[in-house]
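Geometric and topological summary
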Amino acid sequence: MWLPIVAVVIGLIALIWSADRFVAGAASTAYRLGMPPLLVGMIVVGFGTSAPEIVVSVLASIQGNPGLALGNAIGSNISNIALILGITAIISPMLVHSNIVKRELPILGGITVVLVLLLIDGSLSRMDGMILIIVFFCVMAWSIYTATRKETDPLVDEFDQSLNQPEMTLGKSILWLIIGMILLIVSSRILVWGAVEIAIALGVSDLIVGLTVVAIGTSLPELASSIAATRKGEHDIAIGNVIGSNLFNTLGVIGLAGTIHPLQVDKAIFFRDLPVMGVLTLFLFLACLKFGGGKGKITRTEGILLVSAYVGYTVWIVLGAI
């Protein structure tokens, strides 16, 4: 039992570090090659911070553990809103100025509904996965169109300020991009092996391990980037990271998992995980669209409520698994 635990710990540490290097290298490479800052932020960084979920879920599906992949994606969406935005708001209340962020929220809500409708028959089929991937490419096309428009928006200014601080040459950026991707794959393989072995040893489903340990671990890059952005006053980037990550998880991660290895969906997902994810997504929508001087805000009190909700949800899962 101790070896799988060590594997999970080492895998998570390596995953977090390699994801950070991958995102830094990818963002710097794209920016130095002349991509608009908004496109770099929404697509490159958005994909990069979701890379741990993508790699872990794909490897889990290939190895015949699609429940781990599904749990990882749904659990990451829940932790992104409740844990990450909650902790970030406790550190510093978050004002939402960006119209781009506000436009993405209804899309996230609509995609959440689409996921529920696809899973309502109790399975994630290959066709369901392909539908999610098609929707994913449609959303990416919209994001690229948005990013290439000459639009004045606080999010554009924040990304421009954040990226216009060259720390790496183009050669170094590409090197870290490659190294980060290789280490992402290696650390993910270690993490998946350890997580599956722990699930077997404890007699719980790989879904439970995916919803808890793996989901929290793969969400840590978003936590680091959100805290860093908030400390610099870039609240729209922090919230945009979470929205973008949840879009990638719901469409890309679950879509790839279902396409690679169709699975029967645990009934607990319908009365526990999907409702929690839906309520949190609705909360984020309402919080960011509050009309207090035209600006949404996630207050410190709401942050405490979010973190408390996540603790309660985790206790619910653990007690149900005992």
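Overview of the structure. Predicted, not measured: the structure shown is a model, and the values here were computed from it.

**Some details on the overall build of the chain**
- Secondary structure summary: the chain contains 12 helices and four strands in total.
- The proportion of buried residues among the 322 residues of the chain is 54%.
- Taking all contacts inside the chain whose residues are at least 6 apart in sequence as the whole, residues at least 24 apart take part in 88%.
- With the model as given, the accessible surface of the chain reaches about 13400 Å², and the carbon-plus-sulfur share is 72%.

**Details of the packing of helix H3 (residues 51-62) against helix H9 (residues 206-231)**
- At a minimum axis separation of 8 Å, H3 and H9 run at an interaxial angle of 150 degrees. If you check the angle between H3 and H9, you find them roughly antiparallel. Facing H3, whose interface residues are Pro52, Glu53 and Val56, H9 presents Val214, Thr218, Ser219, Pro221 and Glu222.
- Class assignment for the residues of the contact of H3 with H9 results in four nonpolar, two polar and two charged.

**Brief notes about the side chain of threonine 281**
- Within the fold, threonine 281 resides in helix H11 (residues 268-288).
- Among residues more than four places away in sequence, those in contact with threonine 281 are Ile81, Leu108, Gly109 and Thr112.

**Description of the pattern of salt bridges**
- Going through the model one piece at a time under the given rule, you end up with one salt bridge.
- Between arginine 272 and aspartate 273 there is a salt bridge, with the nearest N and O atoms lying 2.8 Å from each other. When sorted by exposure, arginine 272 lands in the same class as aspartate 273, which is buried.

**Structural notes on the nonpolar core**
- Of all hydrophobic cores here, the largest spans 55 residues; its most connected members are Ile74, Ile78, Ile239, Ile243, Ile254, Leu284 and Ile298.
- The set of elements that each furnish at least two residues to this core consists of helix H4 (66-91), strand S1 (94-96), helix H5 (99-119), helix H6 (126-148), H9, helix H10 (235-260), H11 and helix H12 (300-321).
- Formed by 22 residues, the second largest nonpolar core is a distinct cluster that contains Leu68, Val192, Ala195 and Ile198.

**Examining H3**
- Its 12 residues give H3 an end-to-end C-alpha distance of 16 Å, which sits within 8% of 16 Å, the value for a rise of 1.5 Å per residue.
- Of all 12 residues that make up H3, 10 are buried, and the element is covered over most of its length.
- What H3 keeps buried is the set Ala51, Pro52, Glu53, Ile54, Val55, Val56, Ser57, Leu59, Ala60 and Ser61.
- In the stretch just after H3, glycine 64 is the one whose phi turns positive, near 85 degrees.

**What to know about the side chain of asparagine 77**
- On the secondary structure map, asparagine 77 appears in helix H4.
- A distance of 2.9 Å separates the side chain of asparagine 77 from the side chain of threonine 250, its partner in a polar contact.
- Sequence-distant contacts of asparagine 77, defined by excluding residues within four places in its chain, comprise Ser245, Asn246, Asn249, Thr250 and Met277.

**Quick look at the packing of aromatic side chains**
- Going through the model one piece at a time under the given rule, you end up with four aromatic pairs.
- With a centroid separation of 6.3 Å and 50 degrees between ring planes, the pair formed by tyrosine 310 and tyrosine 313 is classed as tilted. Within this pair, tyrosine 310 and its partner tyrosine 313 are both found in helix H12, separated by three residues, close to a single helical turn. Pair check on accessibility: tyrosine 310 and tyrosine 313 agree, each one buried.
- Each member of the aromatic cluster is reached from another via a ring pair, and the members are Phe136, Phe137 and Phe248.

**Description of the packing of helix H8 (residues 170-202) against H9**
- Running from amino to carboxyl end, H8 crosses H9 at an angle of 125 degrees, the nearest separation of the two axes being 9 Å. Accordingly, the angle class assigned to the pair H8 and H9 is oblique. The two elements H8 and H9 meet at a crossing, and its hand is right-handed. Within the contact between the two elements, H8 uses Leu191, Ala195 and Ala199 and H9 uses Asp206, Val209 and Val214.
- Split into classes, the residues belonging to the contact of H8 with H9 amount to five nonpolar, no polar and one charged.

**Structural notes on the environment of alanine 27**
- Assignment of secondary structure puts alanine 27 in helix H1 (residues 2-32).
- Note on alanine 27: relative accessible area 8%, which makes it buried.
- As a C-alpha pair, alanine 27 and serine 173 span 146 residues in sequence and 8.3 Å in three-dimensional space.

Calculation criteria
Residue numbers restart at each chain and count upward from 1, following the sequence in its written direction. Local features in a predicted model are, by the rule used here, given only for residues with pLDDT of at least 70; side-chain atom pairs are given and counted only at 80 or more, and totals for whole chains, interfaces and linings are based on all residues. Water and hydrogen atoms play no part in the side-chain values, which are based on all heavy atoms of the structure. Numbering of helices and strands starts at the N terminus; helices are DSSP runs of H or I of at least 4 residues and strands are runs of E of at least 2. For every residue, the accessible area obtained with a 1.4 Å probe (protein chains only) is divided by the maximum for its type, and the residue is called buried under 20%, exposed over 50%, and partly exposed between those limits. Whether two residues are in contact is decided by their heavy atoms: any pair within 4.5 Å suffices. The accessible surface values rely on the Shrake-Rupley method and a 1.4 Å probe; as for residues, cover is taken only from the protein chains in view. Working convention: axes come from line fits to C-alpha atoms, limited for helices to the stretch in contact. Angles between N-to-C directions cover 0 to 180 degrees. Any angle that is under 35 degrees is reported as roughly parallel, and any over 145 degrees as roughly antiparallel; angles of 65 to 115 degrees are reported as roughly perpendicular and all others as oblique. When residues are sorted by character, Ala, Val, Leu, Ile, Met, Phe, Trp, Tyr, Cys and Pro go into the nonpolar class, Asp, Glu, Lys and Arg into the charged class, and all the rest, Gly among them, into the polar class. The term salt bridge refers to a pairing of a side-chain nitrogen on Lys or Arg with a carboxyl oxygen on Asp or Glu at a separation within 4 Å. By nonpolar core is meant a set of buried Ala, Val, Leu, Ile, Met, Phe, Trp, Tyr and Cys residues that side-chain atoms within 4.5 Å join together. Each residue after the first adds 1.5 Å to the expected span of a helix. Here a polar contact is recorded for every N or O atom pair within 3.5 Å, except that within protein the pair must consist of a potential hydrogen donor and a potential acceptor, and residues adjacent in sequence are included only if both atoms are side-chain atoms. Two rings from Phe, Tyr or Trp (for Trp, the six-membered ring) form a pair when their centres are within 6.5 Å of each other. A pair whose planes differ by under 30 degrees is stacked, one over 60 is edge-to-face, and the rest are tilted. Handedness of a crossing is defined here by the sense of rotation of the near helix relative to the far one, left-handed for an anticlockwise turn of less than a right angle and right-handed for a clockwise turn.

Treat this as a map of the structure, not an account of what it does.
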